[in-house]
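A structural walkthrough
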Amino acid sequence: MKILIYKSIFGNYDNNPHLVKDFSLVKDGETYDFEHILVSNSYGVEFVNGWKVEKKEATISNHIDNRLYKFNPVKQFCNYDYSCYLDGHIGFNEDFYEFVASLISLNQPFILNRHRKKGTILNELIRIIDNNKVSLSELDNLVDIDVDFQKKSAECGFIFRDHSCSSLIDQGEEWMRLFRQFPRDQVLLYESFNNVDLLPYILNTDFNNHIFILDSHKNNTIKLIKSRIEMSSRVLSQGTLIRK
């Protein structure tokens, strides 16, 4: 079976991915062929640390173009049996491949990790507001979406998918439609499944384990300082934490 490990990096947001090498894992009589692809508009070379680069030009924005591939690999990469999406700043060690093989045995079409800060979708929304990642107009749009804020929060930085489940194409398109209204995919995860007869399968594990390696985004400290300065200025001039 063919398994795609992929990242979607648009713009100058993340550092180079960790070193990998395509290979086959034989486990319990099954052969798992792993390939690694980096979808990007940022690299002009054929390979980056073992990742095959699929060069793409930005069509709408870096933010949206990333989600075109993050949300719908079943549509974008139809020649694979399974795929694993990873955010640009998330790496992994050699145990990751055994982990993926164990996910296949669960027979679940869509699998994510539990959010490392636990809590509910409401807790995630509060974290988003606290970190200045949403505007007032976007919050207004969220009011029109019937979000169940009591659902448990999940991480969307790693997503496993079974490509034989064609319903995931509709789910991915619905996720993108909702994302264009409110650009925080973790808040909208469950609602993206409303029109398909599926549910996301959330593991009890999170990124705080021996399999995943978490890096910071490129220039993350500088971006955080800039964000805090902008927030302070907004409070002083407009009397609100949230940008318009």
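Residues numbered from 1 in each chain as written. Predicted model: local features only at pLDDT ≥ 70, side-chain atom pairs only at ≥ 80, totals over all residues. Heavy atoms only, no water.

1. A look at the packing of aromatic side chains
- A complete count under the given rule lists 23 aromatic pairs for this structure.
- A ring pair is formed by W51 and F92, whose centres lie 6.5 Å apart and whose planes are at 70 degrees; its orientation type is edge-to-face. Placement of the pair is W51 in strand 5 (residues 51-55) and F92 in strand 7 (residues 90-92), with a sequence separation of 41 residues.
- On the basis of relative accessible area, W51 is assigned to the buried category, the value being 1%.
- Overall, F92 belongs to the buried group, its relative accessible area being 10%.
- A network of ring pairs unites the aromatic residues F23, F34, W51, F92, F96, Y97, F99, F158, F207 and F212 as a single cluster.
- Here the guanidinium or amino end of K2 rests over the ring plane of Y80, the centre of that ring lying 4.8 Å away. (Phe/Tyr/Trp six-rings, centres within 6.5 Å; stacked < 30°, edge-to-face > 60°. Helix = DSSP H or I, 4+ residues; strand = E, 2+ residues; numbered from the N terminus. Buried < 20%, exposed > 50% of the residue type's maximum accessible area, 1.4 Å probe, protein only. Lys NZ or Arg CZ within 6 Å of the ring centre and 35° of its normal.)

2. Overview of the pattern of salt bridges
- By the definition in use, this model includes 10 salt bridges.
- With a closest N to O distance of 4.0 Å, K56 and E54 form a salt bridge.
- Close ionic contact of R127 with E124 constitutes a salt bridge, the shortest N to O distance being 3.0 Å. You can see R127 and its partner E124 sitting in helix 4 (residues 121-130), three residues apart, about one turn around the helix.
- Look at R127 and you get buried, because its relative accessible area is 17%.
- Its relative accessible area of 8% is what places E124 among the buried residues.
- Ionic contacts of the salt-bridge type, sharing partners, join the residues R67, K70, D87 and D185 into one network. (Salt bridge = Lys/Arg side-chain N within 4 Å of Asp/Glu carboxyl O.)

These figures capture arrangement, not role.
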